[in-house]
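Breakdown of the fold
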Amino acid sequence: MGRTYLVEEGIGQYLTELSTKVKPYVTGLLIGQCSPQRDYVIRAVRTPPKEQQQEDSVGPPKLASLDEEWITTHASQVSRMLPGGLLVLGVFMIATPELAKDGQNALRKSSAKPADWKYQSALTASWISLGCTVNVNIHIPLLATSPNHDLEKNTKNGLNRWSKQIEDSVFLINGQVKDEDTELLEGQCQGTSARSTATVQVCSGSINLRGAVKCRAYIHSNKPKVKEAIQALKRDIINTLSDRCEILFEDLILNEGPQKKNFGREYHVLPQRLFVPVAGSVVMLCDYKFGDEAAGEIQERFVEMLDQPVQAEDMHIAEDISTGKYLRPGQAGSGARKMLANGTNRFYPDMDMPEVNLLHMQL
């Protein structure tokens with residue numbers, strides 16, 4: 001017998017419905033949470049079809065058209081929409097009987113393991129929700145000895161150093177330090193950074209990341225440990241800032257081209273975070289939006305990435321918009337950000353500045 005997986009009951013119906021539409025196969029992602037005792041599967045999400053998939057399906061059924069890169073890209077995009085504590089656990093495949101053997105062989109290449117699959121109703125209805133606001137003020141010096149002042153490279157290096165500080169920080173549960181091996185009851189977490197040392201360096205400029213970042217994480221209710229909750233929230237703090245920067249850099253490349261590597265004094269606004277509830281669960285999924293990105297574009301993205309229709313009134317913006325506005329040269333109009341066949345994103349936001357999440361580079 002393999003590892004035990006507790007699975008949300010609705011997933012069984014979802015997979016059954018997908019099986020009736022198999023022509024000749026369908027793949028998807030399993031989303032959930034790992035714990036020392038067992039794993040939890042709270043969602044199954046089919047891989048979005050490519051535009052040419054209908055044409056490719058003409059002819060004898062075969063698995064030769066299985067696009068592993070497309071599945072991987074989908075997993076990467078979905079990971080951005082998961083709060084702390086949730087991750088992509090694996091991949092599923094549903095195939096017609098004549099492709100069943102080939103499908104099993106394909107999954108074995110992905111290191112598939114036996115699993116004890118147990119359905120449970122209202123699996124996440126009593127999960128514990130964790131939340132905090134992190135006031136970010138990251139100063140990234142640009143050394144005078146650096147061969148170039150690439151915005152993306154230097155920002156990622158600075159975020160890596162900041163991430164280590166978050167990992168080493170002390171977290172309080174309802175204002176108190178708790179032993180990590182004790183059981184977590186309930187409540188929200190607040191973080192406080194550990195003391196660090198200073199280094200004097202000769203710099204010719206700097207990058208500054210400033211703002212108040214809203215973070216959330218979810219943990220199972222089966223006697224979770226304090227360390228599980230803290231780790232889930234730490235990962236959300238690190239991931240949400242890193243993901244926003246990646247989205248901004250993708251936008252800069254699309255709008256201004258990859259050849260623009262060195263920047264002078266500029267302001268860039270990182271996208272806001274929004275949360276969407278999951279029916280019958282305390283868990284909320286997330287996404288990121290720019291100032292003038294329409295609600296309809298976000299709704300389309302949830303359908304494409306998570307196969308989940310979302311009502312506009314159910315989208316909760318986590319961070320406020322200030323009255324300030326910064327525009328950068330070459331700014332395009334608002335438009336959709338979606339998964340493309342080449343695995344990139346497309347989005348053309350106006351740059352309304354959230355009062356949080358401001359990236360500033362000065363040389």
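Residues numbered from 1 in each chain as written. Predicted model: local features only at pLDDT ≥ 70, side-chain atom pairs only at ≥ 80, totals over all residues. Heavy atoms only, no water.

Focus: the overall build of the protein
Secondary structure assignment for the protein yields seven helices and 16 strands. The buried share of the protein, taken over its 363 residues, is 46%. Summarising the internal contacts of the protein: among those between residues at least 6 apart in sequence, 79% fall at separations of at least 24. Total accessible area on the protein stands at roughly 18500 Å², and carbon and sulfur atoms take up 49% of it. (Helix = DSSP H or I, 4+ residues; strand = E, 2+ residues; numbered from the N terminus. Buried < 20%, exposed > 50% of the residue type's maximum accessible area, 1.4 Å probe, protein only. Contact = heavy atoms within 4.5 Å. Areas by Shrake-Rupley, 256 points an atom, 1.4 Å probe, with all protein chains shown as cover.)

A word on the environment of Thr-16
Here Thr-16 shows up in helix H1 (residues 9-19). Taking the C-alpha atoms as reference points, Thr-16 and Ile-94, 78 residues apart in sequence, are found 9.4 Å from one another.

What about the side chain of Thr-27?
Summarising the element assignment, Thr-27 is placed in strand S2 (residues 25-34). If sequence neighbours within four positions are ignored, Thr-27 has contacts with Arg-46, Thr-47, Leu-66, Ile-71, Phe-92 and Met-93.

Structural notes on the side chain of Lys-289
Residue placement: Lys-289 occurs in strand S12 (residues 284-289). A distance of 3.5 Å separates a polar side-chain atom of Lys-289 from the backbone oxygen of Gly-291. (Polar contact = N/O pair within 3.5 Å; in protein donor to acceptor, adjacent residues only side chain to side chain.)

Section: the nonpolar core
Residues Val-136, Ile-138, Trp-162, Leu-184, Leu-209, Ile-237 and Leu-241 are the most contacted members of the largest nonpolar core, which totals 34 residues. Going through the elements one at a time, strand S6 (128-143), helix H5 (151-167), strand S7 (170-173), strand S9 (203-219) and helix H6 (226-256) are the ones with two or more residues in this core. (Core = buried A, V, L, I, M, F, W, Y, C linked by side-chain atoms within 4.5 Å.)

Focus on the pairing of strand S11 (residues 272-277)
The element S11 is extensively covered by neighbouring structure, given that five of its six residues are classed as buried. Of the pairings in the sheet, the one linking S11 to S12 comprises six bridges and is antiparallel in character. Note that in S12 the partner of Phe-275 across the bridge is Cys-286. Here S11 folds back onto S12 in antiparallel fashion, the turn holding six residues, of which Gly-280 has a positive phi close to 75 degrees. Two strands pair when backbone bridges link them, and S11 and strand S13 (residues 316-317) are joined in this way by two bridges, in the antiparallel orientation. Within the sheet, the bridge partner assigned to Leu-274 lies in S13 and is Ile-317. (Pairing = 2+ DSSP bridges.)

As for unusual backbone geometry
The backbone of Ala-122 shows a phi angle near 50 degrees, a positive value even though the residue is not glycine. Tracing the chain through its elements places Ala-122 in the loop between strand S5 (115-120) and S6. At Lys-223, a residue that is not glycine, the phi angle is positive and equals roughly 50 degrees. Following the sequence through the fold, Lys-223 ends up in the loop between S9 and H6. Owing to a relative accessible area of 58%, Lys-223 belongs among the exposed residues under this scheme.

Quick look at H1
Here H1 has its buried residues at Ile-11, Gly-12, Tyr-14, Leu-15 and Leu-18. The buried residues of H1 occupy an angular sector of 165 degrees when the element is viewed end-on, so they sit on one face. Tucked into the core, H1 has its buried residues touching strand S1 (3-8), S2, strand S3 (39-46), strand S4 (87-95) and S5. (Arc of directions from axis to C-beta.)

That's the geometry; what it means functionally is another story.
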